[in-house]
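Residue-level structure breakdown
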Amino acid sequence: MTILAEVFDTFDKDMNWTGTATRKEVHRFGFWHQTFHCWILHRDLNDDFLVLQRRHPSKDIHPNKLDVSCAGHLEAHECPLDGVRELREELGIGIADINLRKIGIYRHSDRSNGIADNEFCHIFFVGA
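Definitions and limits used
Sequence positions are assigned chain by chain, starting from 1 and proceeding in written order. Side-chain atom pairs in this predicted model are given and counted only at pLDDT of 80 or more, local residue features only at pLDDT of at least 70, and totals for whole chains, interfaces and linings cover all residues. Hydrogens are left out, water is left out, and the side-chain values use all remaining heavy atoms of the structure. Two cysteine sulfur atoms make up a disulfide if the distance between them is within 2.5 Å. Any residue under 20% of the maximum accessible area for its type is buried, any over 50% is exposed, and the rest in between are partly exposed; the area is computed with a 1.4 Å probe on protein chains only. Here a strand is any run of E in DSSP of at least two residues, a helix any run of H or I of at least four, and the numbering for each starts at the N terminus. Here a polar contact means two N or O atoms within 3.5 Å. Within protein one must be a hydrogen donor candidate and the other an acceptor candidate, and residues neighboring in sequence count only if both atoms are side-chain atoms. Note on definitions: a residue-residue contact is assigned when non-hydrogen atoms from the two residues lie within 4.5 Å. Side-chain rings of Phe, Tyr and Trp (the six-membered ring for Trp) are treated as a pair once their centres are within 6.5 Å; stacked means planes under 30 degrees apart, edge-to-face means over 60, and tilted covers the remaining angles. Should the NZ of a Lys or the CZ of an Arg lie within 6 Å of a ring centre and within 35 degrees of the ring normal, that charge is described as sitting over the ring.

1. What to know about the state of the cysteines
Inspection of every chain in the model, using the stated rule, returns 0 disulfides. Cysteine C70 shares no disulfide, and the gap to the nearest cysteine sulfur, in C38, comes to 6.3 Å. The exposure class assigned to C70 is buried, which follows from its relative accessible area of 0%.

Shown next, in the form of structure tokens:
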């Protein structure tokens, strides 16, 4: 069985599209790319809870650390709302696009473990 490499859109620092590259190339060369981040607020009768998840121990960046409720890379030609698939994949929940509130775009740059990670993080919120 052949596993296809993930391919992402790449951008310059001003978020102008420059082409595509594999996940490995993006993190090797530090190409700017897009991610989907969704913060989930759970409210019950007495309290509010911000949902966090712990990163898998095998992750190449910040393994075992607490992270945003749900996040993932946007593949080539995906728009930010296509990232809702991450909610199904990571948390097993389906949320219609209309339930998401867009917060904005955060520029994140991190260099660790030999990886140059430059992301335009499309931030969304779900909750009360």
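On we go from here.
2. Quick look at the environment of R23
By the secondary structure assignment, R23 is in helix α1 (residues 23–29). Residues R23 and H33, spaced 10 residues apart in sequence, show a C-alpha to C-alpha distance of 9.5 Å. Among the polar contacts made by the side chain of R23, one reaches the side chain of E6 at a distance of 2.7 Å.

3. Focus on the environment of G83
Take G83: it is sitting in the loop between β7 (70–73) and α2 (85–91). Residue classification places G83 among the buried residues on the basis of a relative accessible area of 0%. Each C-alpha atom of the pair G83 and G72 lies 7.1 Å from the other, and the pair is 11 residues apart in sequence. Excluding anything up to four places from it in sequence, G83 contacts F36 and L74.

4. Observations concerning the packing of aromatic side chains
Under the defined criterion, the tally for this structure stands at 4 aromatic pairs. Measuring from ring centre to ring centre gives 5.6 Å for F29 and F31, while their planes differ by 35°; the resulting arrangement is tilted. Grouped by ring-pair contacts, the aromatic residues F11, W32 and F120 constitute a single cluster. In this structure, R107 is placed above the aromatic ring of W32, and the distance from its NZ or CZ to the ring centre is 4.7 Å.

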